[in-house]
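The chain contents come next:
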Amino acid sequence: MEDVQITKNIRKSILDMMYTSRSSHIGSCFSIVEILYTLYFRILKIRGTQFDLVVDDKFILSKAHGSVALYATLGERGFFDKKKLEEYYVDGGSLPGHLDMKSASGIECSGGSLGHGLSIGIGMAIANQKSNVYVLLGDGECNEGSVWEAVMLASHLQLANLTAIIDYNKLQGFGETNEVINQKNLHERWSAFGWNAIEVNGHNVDELEKELKRPSDKPKAIIAHTIKGKGVSFMENKLEWHYKSPNKDEYLLARSELEGAL
Ligand SMILES: Cc1ncc(C[n+]2csc(CCOP(=O)(O)OP(=O)(O)O)c2C)c(N)n1
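Residue numbers restart at each chain and count upward from 1, following the sequence in its written direction. Given that this is a predicted model, residues contribute local features only at a pLDDT of at least 70 and side-chain atom pairs are listed and counted only at 80 or more, while totals for whole chains, interfaces and linings are drawn from all residues. Side-chain metrics in this entry use all non-hydrogen atoms of the structure; hydrogen atoms and water are not considered.

A. The site of the ligand, seen in detail. Residues in close proximity to the ligand total 18 residues, the closest being S28, K63, D139, L171 and K228. Between N or O atoms, a polar contact is any pair within 3.5 Å; within protein, one atom must be a potential hydrogen donor and the other a potential acceptor, and residues adjacent in sequence are included only when both atoms are from side chains. One of the side-chain N or O atoms of K63 is found 2.7 Å from an oxygen atom in the ligand. H242 is positioned with one of its side-chain polar atoms (N or O) 3.4 Å from an oxygen atom of the ligand. Only the protein chains shown count as cover for residues, with accessible areas throughout obtained via the Shrake-Rupley method and a probe of 1.4 Å. Its free accessible area being 590 Å², the ligand has 78% of it covered by the protein chains. Nonpolar residues are Ala, Val, Leu, Ile, Met, Phe, Trp, Tyr, Cys and Pro. Charged residues are Asp, Glu, Lys and Arg, and all others, Gly as well, are polar. Residues that form the shell around the ligand fall into these classes: two nonpolar, 10 polar and six charged. We call a residue near a given molecule or strand whenever any one of its heavy atoms falls within 4 Å of it.

Next up, the structure:
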């Protein structure tokens, strides 16, 4: 199957789960589809047979409110039967709103409280020196002081097997990231802390793959310019889609846009 077909399937699964459960964070999920696709289909060392897959590298979704995008990607990659996606955020279901590493195969780290993933990633990078560790953070999440403690420590330890990917969609829950606490010069900040910082188009899978594979002798920060709500025209760059879930008309319109998008 082609890249674009797979990313489209992931977006359709996200939309279906959000509509059925009436839950939040659809914009946050659409923002990271190409990043997750690139990691799970091109970067992470994964072995095994269908529904019995093991990841030899490590991935942490630190912005764990984007859980639905990870569930959809894991389902698409074959970590579990896609039927399981129907168990998202419903009574008696197995997939919670925020990540629980015991809820499904392929989830390396529980999460939900922002600002912890990078520190956990440091521990994993120290403990698994032959593996690469990737941590995906939100730009609003970079407002957390704990992120910058981890940024300092990773550079002090020269953890060349650690990569942070910042989903730079310029929006957070209650406003524009630059209005809440300015994150305009993310590139300079991560560089100043001793990281190898690189900016990419976070919806271009070839660019993402190239920069994720680029060798580095120190921790790497990929600042991925993205669009919150990417893929559905009326959700793109709209703050309200952080919390809102689509009603029936919005669902059908979004579905038809995604069906048409190739
Ligand atoms: C410590 C903590 N504070 C507040 C929240 C509530 N919260 C959930 S998502 C969110 C906004 C995150 O914005 P960003 O990191 O930019 O991610 P985006 O949704 O824009 O992709 C906030 C404040 C939280 N989950 N954890």
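B. The packing of helix α1 (residues 3-21) against helix α4 (residues 67-77), seen in detail. Throughout, an axis means a line fitted to C-alpha atoms (over the contacting stretch in the case of helices), and angles, computed between N-to-C directions, take values from 0 to 180 degrees. Labels follow the DSSP assignment, with helices taken as runs of H or I lasting at least four residues and strands as runs of E lasting at least two, numbered in each case from the N terminus. It is at 9 Å that the axes of α1 and α4 come closest, and there the two elements cross at 130°. Regarding the angle of α1 to α4, the classification is oblique. Along this stretch, α1 crosses α4, giving a crossing that reads as right-handed. From α1, I6, N9, I10, S13, I14, M17 and M18 reach across to α4, where they touch V68, A69, Y71, A72, T73 and E76. Any angle between 65 and 115 degrees counts as roughly perpendicular, while under 35 counts as roughly parallel, over 145 as roughly antiparallel, and the rest as oblique. Crossing handedness is defined as follows: a turn of the near helix away from the far one that is anticlockwise and smaller than a right angle gives a left-handed crossing, while the clockwise case is right-handed. Should any heavy atoms of two residues lie within 4.5 Å, those residues are considered in contact.

C. Seen up close, a nonpolar patch on the surface. Among the surface-exposed residues, I126, L153 and L157 lie close enough to one another that they form a single nonpolar patch of about 230 Å² accessible area. As for its placement among the helices and strands, L153 is situated in helix α6 (residues 145-156). Patch membership requires over 30% relative accessible area and the absence of a salt bridge. Like charges are linked within 9 Å, and nonpolar side chains (Val, Leu, Ile, Met, Phe, Trp, Tyr) within 5 Å. Any Lys or Arg side-chain nitrogen found within 4 Å of a carboxyl oxygen on Asp or Glu counts as a salt bridge.

D. Just the packing of aromatic side chains, in detail. Note on ring pairs: Phe, Tyr and Trp rings are taken, using the six-membered ring of Trp, and paired if centres are within 6.5 Å. Classes follow the plane angle, with under 30 degrees stacked, over 60 edge-to-face and the rest tilted. Enumeration according to the criterion identifies 11 aromatic pairs in this entry. Plain terms: the ring middles of Y40 and F79 are 6.0 Å apart, the flat faces sit at 85° to each other, and that makes the pair edge-to-face. Placement of Y40 in helix α3 (residues 33-43) and of F79 in the loop between α4 and α5 (117-127) is noted, with a sequence separation of 39 residues between them. A residue is classified by how much of its surface remains accessible, and F79, at 2% relative accessible area, is buried. Here the aromatic rings of W148 and W190 are separated by 5.4 Å at their centres, their planes lie at 55°, and the arrangement is tilted. Between buried and exposed lies partly exposed: a residue is buried under 20% and exposed over 50% of the maximum accessible area for its type, with that area taken using a 1.4 Å probe on protein chains only.

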